[in-house]
Amino acid sequence: MDVMGLSRINFVKMVAIAVAIVSTLILCFGIEALAAQRVNAPNLVSNGGFENVEQGKPVGWAQGGGGSDVTMSSDVGRCGGRSIKIVVKKSYKGWAILAQDKVVPIKKDRNYRVTFWIKGKGGEYVYVNILRLDNWRPAVVTALDHCCTARRDWTRQSYYFKGDSTTSNTRFEFALDGGGTVWIDDVRLAPVSAEEMTDTIPTDGVLNAIPNSSFELGTAGWGTDGTDSLMGTVDRSTAVDGR
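Model, not experiment: these values are computed from the prediction.

Calculation rules
Residues numbered from 1 in each chain as written. Predicted model: local features only at pLDDT ≥ 70, side-chain atom pairs only at ≥ 80, totals over all residues. Heavy atoms only, no water. Pairing = 2+ DSSP bridges. Helix = DSSP H or I, 4+ residues; strand = E, 2+ residues; numbered from the N terminus. Axes fitted to C-alpha atoms, helices over the stretch in contact; angles between N-to-C directions. Salt bridge = Lys/Arg side-chain N within 4 Å of Asp/Glu carboxyl O. Buried < 20%, exposed > 50% of the residue type's maximum accessible area, 1.4 Å probe, protein only. Core = buried A, V, L, I, M, F, W, Y, C linked by side-chain atoms within 4.5 Å. Contact = heavy atoms within 4.5 Å. Polar contact = N/O pair within 3.5 Å; in protein donor to acceptor, adjacent residues only side chain to side chain. Disulfide = S-S within 2.5 Å.

Comments concerning the sheet that holds strand β9 (residues 146-150)
Here is step 1: If you walk across this open sheet you meet the 5 strands as β3-β6-β11-β8-β9, and the pairing is antiparallel. Because the sheet does not close on itself, it has two edges, and the strands there are β3 (62-64) and β9. This sheet shows a mean twist of 25° between the axes of neighbouring strands, independent of strand direction.
Here is step 2: As paired elements, β3 and strand β6 (residues 95-101) share 3 bridges and run antiparallel to each other. Counted as the bridge partner of A62 is A99 from β6.

Section: the pattern of salt bridges
Here is step 1: Tallied over the entire structure, the rule returns 5 salt bridges.
Here is step 2: We note a salt bridge from E173 to R171, for which the minimum N-O separation is 4.0 Å. In this structure, E173 and R171 share a single accessibility class: buried.
Here is step 3: What you see here is one network of salt bridges that share partners, running through D101, R171 and E173.

Points about unusual backbone geometry
Here is step 1: We note that F50 has phi near 60°; this positive angle belongs to a residue other than glycine.
Here is step 2: The residue F50 is located in the loop between α1 (3-38) and β1 (53-54) in this model.
Here is step 3: On the basis of relative accessible area, F50 is assigned to the buried category, the value being 0%.

What about the nonpolar core?
Here is step 1: Ranked by size, the top nonpolar core spans 33 residues in total, and within it I86, F116, F172, F174, I184 and L189 carry the most contacts.
Here is step 2: Residues in contact with F174, not counting those within four places in the same chain, are W61, A96, I97, L98, F116, V126, Y127, V128, I184 and V187.

Considering the sheet that holds strand β5 (residues 82-88)
Think of a sheet as strands paired side by side through backbone hydrogen bonds, with each pair either parallel or antiparallel.
Here is step 1: Spatially, the 5 strands line up as an open sheet ordered β4-β5-β12-β7-β10, and their pairing is antiparallel. Each edge of the open sheet carries a strand with a single partner, namely β4 (70-76) and β10 (155-162). On average, each strand axis in the sheet is inclined to that of its neighbour by 30°, with strand direction left out of account.
Here is step 2: Bridging between β5 and strand β12 (residues 180-191) involves 5 bridges; their strand directions are antiparallel. If you follow K85 over to β12, its bridge partner there is W183.

Brief notes about the environment of S213
Here is step 1: By the secondary structure assignment, S213 is in the segment after β12.
Here is step 2: Given a relative accessible area of 33%, S213 falls into the partly exposed group.
Here is step 3: Those residues in contact with S213 that sit more than four places away from it in its chain are N208 and W222.

A look at the pairing of strand β8 (residues 124-132)
Here is step 1: Counting buried positions along β8 yields 7 of 9 residues, so the element is predominantly enclosed.
Here is step 2: By the bridge criterion, 7 bridges tie β8 to strand β11 (residues 170-177) in an arrangement that is antiparallel. Paired with N129 across the bridge in β11 is E173.

Looking at the side chain of R78
Here is step 1: By secondary structure assignment, the location of R78 is in the loop between β4 and β5.
Here is step 2: Here R78 falls in the buried class, since its relative accessible area comes to 11%.
Here is step 3: Among the polar contacts made by the side chain of R78, one reaches the side chain of D186 at a distance of 3.0 Å.

Focus: the state of the cysteines
Each disulfide consists of one covalent bond between the sulfur atoms belonging to two cysteines.
Here is step 1: Taken as a whole and assessed by the stated rule, the structure comprises 0 disulfides.
Here is step 2: C147 takes part in no disulfide bond, and the closest cysteine sulfur to it belongs to C148, at a distance of 6.3 Å.
Here is step 3: Of the residues examined, C147 reaches a relative accessible area of 28% and is grouped as partly exposed.
Here is step 4: Given the relative accessible area of 3%, C148 is considered buried.

What follows is the structure in structure tokens.
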């Protein structure tokens, strides 16, 4: 092969690498930037990015249940940094809980939105909920007791709910049902207005009326009828352009 041919191949490879890097940056930061435009309220969850770590464990989070059958530790995050890794032995038949007690305050009739990123080794069921510690009943009117399935790629989950009373005597928790391995990152819970009780992507100044039509922001904005999220994964190998 001549020098011109090699140069052309190297150029194509460099372009492909550049596209991959840009796509990763969009996936990591694009959705957060869009969310920042809509939600200026502070995160009610402490250490939601799991960056603050002591003795290998994220500060502000506690393990509930499982004993020696459950391991929770700091691991590599979705975009670098850190995440929480939860490993539950297959023989364990109970709940493995990652929680914050008396940290997240809830106000009566206030609307809230919780988002987080999650991945697993495939098929793990994870529940997210807010409970009242005084009676272990849900602290919300629209029950936050949602279940998501961890997939092999990072996926973003987003839920809305309304507080049923004003209290800080709460438990905000993730509960893994049965054995498996999951990673959780970028947990955010904040109040939103009634108008923000939706998970659409702004289209101002955009020619394409279908937001995230090429899935460069992962599954954001897409869903499967009858479920809380899109059933499927982003394919990075067969796209005509990007993903």
